[in-house]
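As a plain string of letters, each chain reads:
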Amino acid sequence: MTMARDSKVAFTHLDKVYYPDAAFTKGDMMHYYQSVGPTMLPHLAKRPVTVIRYPDGVAGGFFFEKRCPEKRPAFMKTVSVTSERYGTIAFCAVDNLPSLLWLANRAAIEFHTYLFRGARETAPTMMVFDLDPGAPATIADCVEIALIIRGLLRELGLECFAKTSGGKGLHLGVPVQGTTFAATKAFARGIATTLERREPLRVTASMAKAARAGRVFFDWSQNDHGKTTACAYTLRARRTPTVSTPVAWDELELALRRKRCTSLSFTAAEVLARVARLGDLFAPALTLRQRLPAVRGQAVATSHRRGPHASP
Ligand code: ATP
Ligand code: MN
């Protein structure tokens, strides 16, 4: 089946089931991206994007695609990035709805973006704190830690914004300008180790798998020019069509207070309803202008008061 739902992109195979457990078809996915597109596009714009393609849906095989296909429509722009590991790659730059839909129609279920725009790979526009719950820890533990982080950052004069990953955990975005990845990584590491010292039973800043069980792993290392993060509003290829969903701080506080953090998992349909009701809760992550305080990561870690059980 082929249907031209957009003037520039033909949609194909719309009946194909992409999420068998949810009876969610490719047509449902195209409808989601078409509807959420205007809200999602600013978060994709000008950034190199990596897509993960699932030609047979989430139950089938998948592959990462960094290089923008050679045979691409004229409306698809690219941004070239040179790295030691991969050489020069022309990534798709998804700056308009047809580009988003063209990729989605190629079975790109997931969209992951870099933390810089254009080819300015030395200039992060956002610092990211990736909070991963190590079972039996859950998203509720991530929410608790996220609220502590928000307080810590506020003391340093910084605002941050939260979204679910659409998987197990939470992502915090701290908009920044005039900085480098070396600085954001050191700063994130400083916050992570501060928290680890204050909450040793609940947080780990260490990659070691053993340390993660029952704790929230604060992955500060994502602040790197070579790392991507799931874009706000991307579908995730999990069992059900969950979305990386921006959430408000009072919503997180309320969910925690009512012990209802399991409700912090949103499907495509729920996200469209939220966007209609709430607009884009992640918009300030793009527009707020703030600078990292002039302290090194370690200085952040040591200048902050320590808990009673902190090691010297
Ligand atoms: P969860 O909440 O379940 O951890 P997540 O999206 O945060 O979901 P992570 O494994 O914590 O997943 O990874 C963080 C980010 O790093 C991802 O959003 C993705 O953009 C990127 N990433 C993870 N694994 C890979 C991989 N194998 N190749 C490329 N990028 C990856
Ligand atoms: Mn994560």
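Participant: I'd like a description of the coordination of the manganese ion (ligand 2), backed by residues and values.
Facilitator: For the manganese ion (ligand 2), every protein donor is listed as Asp130 (OD) and Asp132 (OD), and the spread of their distances is 2.0 to 2.1 Å. According to the relative accessible area criterion, Asp130 is buried, its value standing at 10%.

Participant: Tell me about the site of ligand 1, and please be specific about residues and values.
Facilitator: Taken together, 15 residues lie near ligand 1, and His112, Ser165, Gly169, His171 and Arg236 sit nearest. In the model, an oxygen atom of ligand 1 is placed 2.9 Å from a nitrogen or oxygen of the Asp132 side chain. At a separation of 2.7 Å, an oxygen atom of ligand 1 approaches a polar side-chain atom of His171. Relative to its unbound accessible surface of 590 Å², ligand 1 loses 65% to contact with the protein. Sorting the residues of the shell around ligand 1 by element identifies strand 10 (126–133) and strand 15 (228–230) as the ones contributing at least two each. Split into classes, the residues belonging to the shell around ligand 1 amount to two nonpolar, eight polar and five charged.

Participant: Go over the domain arrangement of the protein, please, and point to the residues and values.
Facilitator: Domain parsing of the protein yields domain 1 (2–114) and domain 2 (126–302). The C-alpha centroid of domain 2 is placed 24 Å from the C-alpha centroid of domain 1. With both sides pooled, the region where domain 1 packs onto domain 2 buries about 2,200 Å², and carbon together with sulfur makes up 67% of that total. Among the residues of domain 1 in contact with domain 2, Tyr19, Tyr32 and His43 are the three that bury the most area, contributing 29% of the side total. For Arg236, the salt bridge goes to Glu110, with nearest N and O atoms at 3.2 Å. Where domain 1 meets domain 2, there are twelve residue pairs in polar contact (both at pLDDT 80 or more). Looking at the side of domain 1 that touches domain 2, the elements with two or more residues in it are helix 1 (26–44) and strand 9 (108–114).

Participant: Describe the nonpolar core, and please don't skip the residues or the numbers.
Facilitator: Tyr33, Phe111, Phe129, Phe218 and Leu235 are the most contacted members of the largest nonpolar core, which totals 93 residues. Element by element, the count of residues in this core is highest for helix 3 (residues 139–155), at nine residues. Of the residues that make up this core, three or more belong to each of domain 1 (2–114) and domain 2 (126–302). Apart from residues lying up to four places away in sequence, Phe129 is in contact with Ile149, Leu153, Leu170, His171, Leu172, Val174, Ala188, Ile191 and Phe218.

Participant: Please provide a residue-by-residue account of the packing of helix 3 against helix 4 (residues 181–198), values included.
Facilitator: Running from N to C, helix 3 and helix 4 point in directions that differ by 120 degrees, and their axes come no closer than 11 Å. Taken as axis vectors, helix 3 and helix 4 run oblique relative to one another. As helix 3 packs across helix 4, the resulting crossing turns out to be right-handed. Residue-level inspection shows Ile145, Ile148, Ile149, Leu152 and Leu153 of helix 3 in contact with helix 4, the latter providing Phe187, Ile191, Leu195 and Arg198.

Participant: Run through helix 4, naming residues and quoting values.
Facilitator: End to end, helix 4 covers 25 Å across 18 residues, agreeing with the expected 26 Å (1.5 Å per residue, within 8%). For helix 4, every residue scored as buried is listed here: Phe181, Thr184, Phe187, Ala188, Gly190, Ile191, Ala192, Thr193, Thr194 and Leu195.

Participant: Got a sec to walk through the environment of His225? Specific residues and values, please.
Facilitator: Its location among the elements puts His225 in the loop between strand 14 (216–219) and strand 15. Residue class for His225 comes out partly exposed when judged on its relative accessible area of 35%. As for His225 and Ala294, which are separated by 69 residues in sequence, their C-alpha atoms are 21 Å apart. What His225 contacts, discounting residues up to four positions off in sequence, is Tyr114, Phe116, Glu121 and Phe181.

Participant: Describe the packing of aromatic side chains, with residues and values.
Facilitator: In the structure shown here, the tally under the stated rule is nine aromatic pairs. Centre to centre, the rings of Phe91 and Tyr114 are 5.3 Å apart; their planes meet at 70 degrees, and the pair counts as edge-to-face. Of the two residues, Phe91 is situated in strand 8 (residues 87–93) and Tyr114 in strand 9; the sequence distance between them amounts to 23 residues. We classify Phe91 as buried; its relative accessible area is 4%. The exposure class assigned to Tyr114 is buried, which follows from its relative accessible area of 5%. Plain terms: the ring middles of Tyr114 and Phe116 are 5.8 Å apart, the flat faces sit at 50 degrees to each other, and that makes the pair tilted. The rings of Phe91, Tyr114, Phe116 and Phe181 are connected pair by pair, giving a single aromatic cluster. Positioned above the aromatic ring of Phe266 is the side chain of Arg274, whose terminal nitrogen or guanidinium carbon lies 4.2 Å from the ring centre.

Rules behind the numbers
- Residues numbered from 1 in each chain as written.
- Chains lettered and ligands numbered in written order.
- Predicted model: local features only at pLDDT ≥ 70, side-chain atom pairs only at ≥ 80, totals over all residues.
- Heavy atoms only, no water.
- Donors = N, O, S within 2.8 Å, 3.2 Å for Na, K, Ca; no water.
- Buried < 20%, exposed > 50% of the residue type's maximum accessible area, 1.4 Å probe, protein only.
- Near = heavy atom within 4 Å.
- Polar contact = N/O pair within 3.5 Å; in protein donor to acceptor, adjacent residues only side chain to side chain.
- Areas by Shrake-Rupley, 256 points an atom, 1.4 Å probe, with all protein chains shown as cover.
- Helix = DSSP H or I, 4+ residues; strand = E, 2+ residues; numbered from the N terminus.
- Nonpolar A, V, L, I, M, F, W, Y, C, P; charged D, E, K, R; others polar.
- Domains from an automatic or database assignment.
- Buried area = accessible area lost by both parts, 1.4 Å probe.
- Salt bridge = Lys/Arg side-chain N within 4 Å of Asp/Glu carboxyl O.
- Core = buried A, V, L, I, M, F, W, Y, C linked by side-chain atoms within 4.5 Å.
- Contact = heavy atoms within 4.5 Å.
- Axes fitted to C-alpha atoms, helices over the stretch in contact; angles between N-to-C directions.
- Parallel < 35°, antiparallel > 145°, perpendicular 65-115°, else oblique.
- Left-handed = near helix turned anticlockwise from the far one by under 90°.
- Expected span 1.5 Å × (residues − 1).
- Phe/Tyr/Trp six-rings, centres within 6.5 Å; stacked < 30°, edge-to-face > 60°.
- Lys NZ or Arg CZ within 6 Å of the ring centre and 35° of its normal.

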